[in-house]
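Letter by letter, the chains look like this.
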Amino acid sequence: MYQFIARFSAMDFIGTIMDNNDRFDFFETLINTPTPTGSEEAGMLLLGKRIKEKTGIQPEIDIHGNLHAFLKAGSNKTIMLEGHCDEIGYMVEYIDSNGFVYFQPLGGIIVPLTAAERITILSKKGAVNGVIGTRPPHLMSADEKKKVAADDLKLLPCDIGATSKEEAESLVSIGDPAIVATGYRKLAGSRISGRGMDNRAGAFAMCEAFIEIANIWGNCSAPPPYNVHFVASVCEEIGLVGGKIASYNVNPDIGISCDVAFATDAHNGDAKVVGDIKLGKGGALAIGPIYHKGLAEHFKSTAEKSQIPMQLRGVPKGTGNNGWALKMERGGAAVVQIGLPLRYMHTPVEVVDTKDIEAVIQLVVKSTLSLPRDFDLLPKQP
């Protein structure tokens, strides 16, 4: 179903590899594109179009919404590159008689942060703007001012400007997704902030890695040692849904998953819980019981030889990302999990460092290209 349909001349190949000036322009467009859980279509179309333009590979979106792109090498071994493309958000649950809209969460919302936010509801008729208002401080008692933001979404009505239930229902419908209306914002140096870096940043990194691998191996005279299958998955935030489905259907031998990881340099007390992970120091390679020791060592040695910045994080058990899905579906792939350091996870102001994104791309590319055809995934035998 997925075919590698184009070959390039040597000059085309050189031009493709050198033309990286648009990489983060594209990333800005992706971050500014809403992809709440269950409504990732616009982001998938952007990623798919980029893959097609940069490699000639024709991607496909499956019935669940996962984006697939396949470099078919004729090998009996497949590497799956994966990053989920959904972001947390809201879903319209109820409209009251005055036209106020009430939400349920899509994923792990920090409810008090919703207060005083601008909201965009992605209606079938188009984007509908709203705000989550709060009472004026003048009308609050001293005790009420200590807790301005409610901790329950049913106490946070969204005002879309409608004057009645009928008017509101003419604009939005039950089940419509919504997001906080914030976007890509450059900070000092190489750092950027935005909504939904979790995990459009990881999906973007794996997409770019796939593009580089496809262009290099697609121009080799000898057949590549591995098929490479890229997946941008859906609905990770509500139970690893797309990752489980894709892992089962692709059934890879090796799975390389990239999701965001907690950067603990803004709140140092967290380092004792989830590791000492800093922005600007490279991706964070997961080390622990569910991750393949031999592949982890290969990634570590590749980083050292290629002088790619990389950090280590200890992960003692299965976690809520698609590395776990890759491990648990069918016979289970040999899994590598790379964390992209992220500050302020599951807020509208998540922060990443573009140097870390670039480091993750190069780590995945070089580790994949240098993985021998006969790399032994099995442990020592009795």
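Cut-offs applied
- Residues numbered from 1 in each chain as written.
- Predicted model: local features only at pLDDT ≥ 70, side-chain atom pairs only at ≥ 80, totals over all residues.
- Heavy atoms only, no water.
- Helix = DSSP H or I, 4+ residues; strand = E, 2+ residues; numbered from the N terminus.
- Contact = heavy atoms within 4.5 Å.
- Areas by Shrake-Rupley, 256 points an atom, 1.4 Å probe, with all protein chains shown as cover.
- Lys, Arg positive; Asp, Glu negative; His and termini not counted.
- Charge placed at Lys NZ, Arg CZ, Asp CG, Glu CD.
- Expected span 1.5 Å × (residues − 1).
- Buried < 20%, exposed > 50% of the residue type's maximum accessible area, 1.4 Å probe, protein only.
- Arc of directions from axis to C-beta.
- Pairing = 2+ DSSP bridges.
- Axes fitted to C-alpha atoms, helices over the stretch in contact; angles between N-to-C directions.
- Core = buried A, V, L, I, M, F, W, Y, C linked by side-chain atoms within 4.5 Å.
- pLDDT = per-residue confidence, 0-100.
- Salt bridge = Lys/Arg side-chain N within 4 Å of Asp/Glu carboxyl O.
- Phe/Tyr/Trp six-rings, centres within 6.5 Å; stacked < 30°, edge-to-face > 60°.
- Lys NZ or Arg CZ within 6 Å of the ring centre and 35° of its normal.

**Description of the overall build of the chain**
And then number 1: Looking only at helices and strands, the chain has 11 helices and 17 strands in total.
And then number 2: Over its C-alpha atoms, taken along the principal directions, the chain stretches across nearly 70 × 45 × 45 Å.
And then number 3: Considering only contacts within the chain whose residues lie at least 6 apart along the sequence, 78% involve residues at least 24 apart.
And then number 4: Just so you have it, the chain exposes about 17,400 Å², and 55% of that area is on carbon and sulfur atoms.
And then number 5: Charge centroids of the chain, computed over 38 positive and 44 negative side chains, lie 5 Å from each other.

**Quick word on helix α3 (residues 41-55)**
And then number 1: The end-to-end C-alpha distance of α3 is 21 Å, a good match for the 21 Å that 15 residues give at a rise of 1.5 Å each.
And then number 2: Regarding α3, the residues found buried are Gly 43, Met 44, Leu 47, Gly 48, Arg 50, Ile 51, Lys 54 and Thr 55. Take α3 and look down its axis: the buried residues cluster within an arc of 160°, on one side only. Every exposed residue of α3 that faces more than 90 degrees away from the buried side is listed here: Leu 45, Lys 49 and Glu 53.
And then number 3: Following α3 by one or two positions, Gly 56 adopts a phi angle in the positive range, close to 85°.

**Thoughts on the sheet that holds strand β15 (residues 310-314)**
And then number 1: Across the sheet, which stays open at both edges, the 8 strands sit in the order β1-β2-β12-β3-β13-β16-β14-β15 with mixed pairing between neighbours. Each having just a single partner strand, β1 (60-61) and β15 make up the two edges of the open sheet.
And then number 2: Two strands pair when backbone bridges link them, and strand β3 (residues 78-84) and strand β12 (residues 227-233) are joined in this way by 7 bridges, in the parallel orientation. Bridge pairing in β12 places Ile 79 opposite Val 228.
And then number 3: The sheet contacts of helix α7 (residues 241-250) involve β2 (67-71), β3 and β12, and relative to β12 the element is tilted by about 160°.
And then number 4: Across the sheet, helix α11 (residues 354-369) touches β3, β13 (254-262), β14 (283-287), β15 and β16 (334-342), and the angle it forms with β16 is around 165°.

**Some words on the nonpolar core**
And then number 1: The biggest cluster of nonpolar side chains holds 61 residues, and the ones touching the most others in it are Phe 27, Leu 81, Phe 210, Phe 230, Ile 256, Ile 338 and Ile 357.
And then number 2: Here this core gets 13 residues from one element, more than from any other, and that element is helix α6 (residues 197-217).
And then number 3: Beyond its immediate stretch of four places on either side in the chain, Phe 230 contacts Ile 51, Leu 67, His 68, Ala 69, Leu 81, Ala 203, Met 206, Cys 207 and Phe 210.
And then number 4: In terms of nonpolar packing, the next biggest core, distinct from the first, is built from 23 residues, Ile 95, Leu 153, Ile 160 and Ala 168 among them.

**Describing the confidence of the model for the chain**
And then number 1: Per-residue confidence for the chain gives a mean pLDDT of 93, with 95% of residues at or over 70.
And then number 2: Every residue in residues 1-18 scores below 50 in pLDDT, and together they form 38 contacts with partners more than four places removed in sequence or on other chains.

**Digging into the pattern of salt bridges**
And then number 1: Per the stated rule, a full pass over the model turns up 17 salt bridges.
And then number 2: Ionic pairing is found between Arg 195 and Glu 87, a salt bridge with its closest N-O pair at 2.6 Å. Placement of the pair is Arg 195 in the loop between β11 (191-194) and α6 and Glu 87 in the loop between β3 and β4 (89-95), with a sequence separation of 108 residues.
And then number 3: For Glu 297, the salt bridge is made with Lys 300, and the minimal N-O distance between the two is 3.2 Å. Of this pair, Glu 297 and Lys 300 both sit in helix α9 (residues 293-306), 3 residues apart, which is roughly one turn of that helix.

**Here's the deal with α9**
And then number 1: For α9, spanning 14 residues, the distance from its first C-alpha to its last is 20 Å, which sits close to the expected 20 Å at 1.5 Å a residue.
And then number 2: For α9, the full list of buried residues reads Leu 295, Ala 296, His 298, Phe 299, Thr 302 and Ala 303. The buried residues of α9 occupy an angular sector of 160° when the element is viewed end-on, so they sit on one face. Every exposed residue of α9 that faces more than 90 degrees away from the buried side is listed here: Lys 293, Glu 304 and Lys 305.

**Things to note about the sheet that holds strand β17 (residues 350-353)**
And then number 1: An order of β10-β11-β17 is seen for the 3 strands of this open sheet, with the pairing classed as antiparallel. The sheet is open, and its two borders are formed by β10 (185-186) and β17, each paired with just one other strand.
And then number 2: One ladder, built from 4 bridges, connects β11 with β17; its direction is antiparallel. In the strand pairing of β17, Ser 193 is matched with Val 351.
And then number 3: Each of β11 and β17 is contacted by α11, which is oriented at about 60° to β17, the strand it contacts most.

**As for the packing of aromatic side chains**
Think of a pair of aromatic rings as described by two things: how far the centres are apart, and how the planes are tilted against each other in angle.
And then number 1: This structure, assessed with the given rule, holds 8 aromatic pairs.
And then number 2: Ring centres 6.1 Å apart and planes at 85° place the aromatic pair Phe 24 and Phe 27 in the edge-to-face group. On the criterion of helical spacing, the pair formed by Phe 24 and Phe 27 is a turn pair, its members being 3 residues apart in helix α2 (residues 23-31).
And then number 3: We classify Phe 24 as partly exposed; its relative accessible area is 21%.
And then number 4: Three or more aromatic residues link up through ring pairs in this structure, and these residues are Phe 24, Phe 26, Phe 27, Tyr 184 and Phe 204.
And then number 5: Stacked on the ring of Tyr 248, the Lys or Arg Arg 330 has its end atom at 4.3 Å from the ring centre.

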